[in-house]
Amino acid sequence: MPQYFRDSPESLVPDALAGFAAAHADLVAYSPDHGYFRTRHTAPTRRVGLVSGGGSGHEPLHSGFLGTGMLDAACPGRIFASPHNRQIFEASRAVARADGVLHIVKNYTGDRINFGIAAERLAHEGIRCARLLIDDDLATDSDDIAVGRRGTGATLIVEKILGAAADEGRGLEDLVALGTDVTRRARSLAVAAAAHTTPQSGTPAFTLPDNVLEFGVGIHGERAEGTTPHAPLGKLVETMTDQLLAALPDSAGTRVLALVNGLGSITSLELYGIRHAVAKALDDRGVGLDRSLTGTFVSALDMRGFSLTLFATDAEALRLWDAPARTPAWPL
């Protein structure tokens, strides 16, 4: 039975937050009373503060992307649980600029509720606030799912591009419009050979037969509509690539940015093999690969799997993607 290295299930998150704050004290400041991180360095040209957050267990998202060129504040919740609206309100108030604050929110019910309450509280204090909803998960793109697509890997792409745009001094409405367009042009899909281990019990969140993959798994361990045989990597990536390209707007002949993301326990050796397979699949389909990022950026505790995000690029998005950023986890 896998076991986490921790003093107790209850201490896992608070000890990790304290350790993160100490390890990156030159870049981030932690407010333990209010439960949020904020950057120590930000562009003076910013008119809007960027705030995001979500459950712990997805590291390095979101706190790892605090800093110049990306987020102003991040609110970590309990494992796979939304941050409290109080955290979001206090963080937003701390980093709001002349033109207010923008909440970057993954599309989950708890996140939508808590960020919404925080926005109402900010409005009562006269602080402008807008919300950008990230909903890129192709596995939940169905009319039968009332809440719509989940927010997953595209969150990182949005945080990077909007961070660069905010550094240029763009206003709240401009950032919302840009973020909406970026989200519209991004889709993600995840597969897993094994579920994450539940910290409280030390047991898998679900079990799979040998040589079977959960195709369309969620980053909280949400089950997919179905499974698929564990095919050779090239065939698996081709299937994922075809589905993602078909879901992108004007996908024929497009150029893309690819995010190859580990879900927790997959090795770098495997991830770079996946990156190789993605490039080949795109080339075989006549799709140009403008940029790529490979590593673990949006994890699901120790889930053994990966996600693939494709984003249809243009010159403006690439310019903002290439802009410098300095955060605890941004690799470029």
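To be clear, the structure that these remarks concern was listed above.
The structure contained in this document is the topic of the report that follows. (Residues numbered from 1 in each chain as written. Predicted model: local features only at pLDDT ≥ 70, side-chain atom pairs only at ≥ 80, totals over all residues. Heavy atoms only, no water.)

Attention now moves to the overall build of the chain. Across its full length, the chain carries 8 helices and 12 strands. Along the first, second and third principal axes, the C-alpha atoms of the chain reach 55 × 50 × 40 Å. Each of the 332 residues in the chain was classed as buried or not, and the buried ones make up 54%. Across the chain, every contact between residues at least 6 apart in sequence was considered, and the portion connecting residues at least 24 apart equals 74%. Summing over all exposed atoms, the chain offers an accessible surface of approximately 13600 Å²; the carbon and sulfur share of this is 52%. Considering the chain, the positive charge centre built from 31 side chains and the negative charge centre built from 39 side chains are found 4 Å apart. (Helix = DSSP H or I, 4+ residues; strand = E, 2+ residues; numbered from the N terminus. Buried < 20%, exposed > 50% of the residue type's maximum accessible area, 1.4 Å probe, protein only. Contact = heavy atoms within 4.5 Å. Areas by Shrake-Rupley, 256 points an atom, 1.4 Å probe, with all protein chains shown as cover. Lys, Arg positive; Asp, Glu negative; His and termini not counted. Charge placed at Lys NZ, Arg CZ, Asp CG, Glu CD.)

We now examine the side chain of Lys-160. Turning to its location among the elements, Lys-160 is positioned in helix α4 (residues 154-167). Although Lys-160 is buried, it forms no salt bridge, and the closest oppositely charged side chain is Asp-322 at an N-O distance of 7.3 Å. Within the local environment of Lys-160, its side chain forms a polar contact with the backbone oxygen of Trp-321, the two atoms lying 3.2 Å apart. (Salt bridge = Lys/Arg side-chain N within 4 Å of Asp/Glu carboxyl O. Polar contact = N/O pair within 3.5 Å; in protein donor to acceptor, adjacent residues only side chain to side chain.)

Leu-102, Ile-161 and Leu-162 are the most contacted members of the largest nonpolar core, which has 57 residues in total. For this core, the two domains that each supply at least three residues are domain 1 (11-185) and domain 2 (186-321). Leaving out residues up to four positions away in the same chain, Ile-161 has contacts with Leu-178, Val-182, Phe-311, Ala-317, Leu-320 and Trp-321. (Core = buried A, V, L, I, M, F, W, Y, C linked by side-chain atoms within 4.5 Å. Domains from an automatic or database assignment.)

This part is about the packing of aromatic side chains. The geometry of an aromatic ring pair is captured by two quantities: the separation of the ring centres and the angle between the planes. Applying the stated criterion across every chain yields a total of 4 aromatic pairs. Consider the rings of Phe-20 and Phe-37, whose centres lie 5.2 Å apart with planes at 80 degrees: the pair is edge-to-face. Taken together, the residues span a long stretch of sequence, with Phe-20 in helix α1 (residues 12-23) and Phe-37 in strand β2 (residues 36-39) at a distance of 17 residues. With 6.5 Å between their ring centres and 75 degrees between their planes, Phe-65 and Trp-330 make a pair best called edge-to-face. Linking Phe-65 in the loop between β3 (49-56) and β4 (73-79) with Trp-330 in the segment after α8 (315-322), this pair joins segments that are 265 residues apart in sequence. Taken individually, Phe-65 and Trp-330 each receive the classification buried, so the pair is uniform in this respect. (Phe/Tyr/Trp six-rings, centres within 6.5 Å; stacked < 30°, edge-to-face > 60°.)

The end-to-end C-alpha separation of helix α3 (residues 109-124) is 23 Å, in line with the 22 Å expected for 16 residues at 1.5 Å each. Packed against the buried residues of α3 are β3, α2 (85-95), β5 (101-106) and β6 (129-134). The first or second residue beyond α3 is Gly-126, which carries a positive phi of 80 degrees. (Expected span 1.5 Å × (residues − 1).)

The next thing to look at is the environment of Arg-46. Residue position: Arg-46 is located in the loop between β2 and β3. For the pair Arg-46 and Gly-169, spaced 123 residues apart in sequence, the C-alpha to C-alpha distance is 4.7 Å. Excluding its chain neighbours within four sequence positions, the residues that come into contact with Arg-46 are Gly-67, Gly-69, Met-70, Leu-71, Asp-72, Arg-97, Gly-163, Ala-166 and Asp-167. Among the polar contacts made by the side chain of Arg-46, one reaches the side chain of Asp-72 at a distance of 2.6 Å.

As enumerated under the stated definition, the model contains 0 disulfides in all. Looking at Cys-75, it has no disulfide partner, and the nearest cysteine sulfur is the one in Cys-129, 11 Å off. A residue is classified by how much of its surface remains accessible, and Cys-129, at 27% relative accessible area, is partly exposed. (Disulfide = S-S within 2.5 Å.)

Here we come to helix α5 (residues 172-184). Taking 1.5 Å of rise per residue, the 13 residues of α5 would be expected to cover 18 Å, and the 18 Å separating its terminal C-alpha atoms lies within 8% of that figure. Leu-172, Leu-175, Leu-178, Gly-179, Val-182 and Thr-183 are the residues of α5 that are buried. The buried residues of α5 occupy an angular sector of 135 degrees when projected down its axis, which confines them to one face. (Arc of directions from axis to C-beta.)

Attention shifts here to the pairing of β4. Burial analysis of β4 places 5 of its 7 residues in the buried class, which makes it a mostly covered element. Taken together, the 2 bridges between β2 and β4 define a ladder with antiparallel strand orientation. For Phe-37, the partnering residue across the bridge sits in β4 and is Ala-74. By the bridge criterion, 6 bridges tie β3 to β4 in an arrangement that is parallel. Within the sheet, the bridge partner assigned to Ser-56 lies in β4 and is Ile-79. (Pairing = 2+ DSSP bridges.)

Attention shifts here to unusual backbone geometry. The omega torsion across Glu-59 and Pro-60 is 10 degrees, close enough to zero to call that bond cis. Tracing the chain through its elements places Pro-60 in the loop between β3 and β4. Backbone torsion omega between Leu-61 and His-62 reads -5 degrees, so that peptide bond is classified as cis. On the secondary structure map, His-62 appears in the loop between β3 and β4.

Let's shift gears to the layout of surface pockets. The space that makes up the largest pocket amounts to roughly 380 Å³. What lines the largest pocket is a set of 23 residues, and nearest its centre among them are Ala-16, Leu-17, Ser-56, Gly-57 and Glu-59. When residues in the lining of the largest pocket are grouped by element, the largest group, 5 residues, is from α1. The class makeup of the residues in the lining of the largest pocket is 12 nonpolar, 10 polar and 1 charged. Space inside the second largest pocket adds up to approximately 270 Å³. (1 Å grid on protein atoms, 1.4 Å probe; cavity = no way out; pocket = protein on both sides within 12 Å on 5 of 7 lines; lining within 4 Å. Points joined across faces, edges and corners; volume = space filled by probe spheres on them. Nonpolar A, V, L, I, M, F, W, Y, C, P; charged D, E, K, R; others polar.)

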